[in-house]
Amino acid sequence: MENNNAAHEYHVTYFDADCGRIRHESFDSLADAERFASRQCAGEESWAVIDEVTAEPVRIAA
């Protein structure tokens, strides 16, 4: 059963052409993730993928 109140975060995986590596960043909003991904897709070899991930609540022991 899915928790409809669960928080989501957005992971952007992208190719950094400057160093030739695949990297990732996390964002709290889809709009921020889309803006970042768009900036990463400036060159011919560039690409970016956005994944929506359910953020697991953190439990702290007392």
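The structure under discussion appears in the preceding block.
The paragraphs below set out a description of the structure included in this document.

So, how was this worked out
- Residues numbered from 1 in each chain as written.
- Predicted model: local features only at pLDDT ≥ 70, side-chain atom pairs only at ≥ 80, totals over all residues.
- Heavy atoms only, no water.
- Helix = DSSP H or I, 4+ residues; strand = E, 2+ residues; numbered from the N terminus.
- Rg over C-alpha atoms; globule rule 2.2 N^0.38 Å.
- Contact = heavy atoms within 4.5 Å.
- Lys, Arg positive; Asp, Glu negative; His and termini not counted.
- Charge placed at Lys NZ, Arg CZ, Asp CG, Glu CD.
- Core = buried A, V, L, I, M, F, W, Y, C linked by side-chain atoms within 4.5 Å.
- Buried < 20%, exposed > 50% of the residue type's maximum accessible area, 1.4 Å probe, protein only.
- Disulfide = S-S within 2.5 Å.
- Pairing = 2+ DSSP bridges.
- Phe/Tyr/Trp six-rings, centres within 6.5 Å; stacked < 30°, edge-to-face > 60°.

1. Some points on the overall build of the protein
When helices and strands are tallied, the protein shows one helix and three strands. If you list the helices and strands of the protein from N to C, you get β-β-α-β. Taking 62 residues into account, the globule formula puts the C-alpha radius of gyration at 11 Å, and the protein, at 15 Å, lies well above it. Here the C-alpha coordinates of the protein stretch approximately 50 × 25 × 20 Å along the principal axes. Considering only residue pairs separated by 6 or more positions, the protein has 46% of its internal contacts joining residues 24 or more positions apart. Placing the 5 positive and 13 negative side-chain charges of the protein at their respective mean positions leaves the two points 7 Å apart.

2. Focus on the nonpolar core
Formed by Tyr-10, Val-12, Tyr-14, Phe-27, Ala-33, Phe-36 and Ala-37, the largest nonpolar core amounts to seven residues. Of all the elements in the fold, those that place two or more residues in this core are β1 (8–16) and α1 (30–40). Contacts of Val-12, omitting those with residues within four sequence positions, involve Arg-23, His-24, Glu-25, Phe-27, Ala-33, Phe-36, Ala-37, Ala-48, Val-49 and Ile-50.

3. Some points on the state of the cysteines
All chains considered together, the criterion is met by zero disulfides. Free of any disulfide, Cys-19 has its nearest neighbouring cysteine sulfur in Cys-41, separated by 15 Å. Its relative accessible area of 36% is what places Cys-19 among the partly exposed residues.

4. Overview of the pairing of strand β2 (residues 21–27)
Here β1 runs beside β2; their pairing, made up of seven bridges, is antiparallel. Its bridge partner lying in β2, His-11 is registered against Ser-26.

5. Observations concerning the packing of aromatic side chains
With the rule as written, the count across this model stands at two aromatic pairs. For the ring pair Tyr-14 and Phe-36, a centre distance of 5.2 Å and an interplane angle of 75° mean the geometry is edge-to-face. With a gap of 22 residues between them, Tyr-14 in strand β1 and Phe-36 in helix α1 connect regions that are remote in the sequence. The exposure classification of Tyr-14 matches that of Phe-36, with both residues buried. Note on Phe-27 and Phe-36: the rings are 5.2 Å apart at their centroids and 45° apart in plane angle, and the pair reads as tilted. Ring pairing ties together the aromatic residues Tyr-14, Phe-27 and Phe-36, which thus form one cluster.

Just geometry here; none of it tells us what the structure is for.
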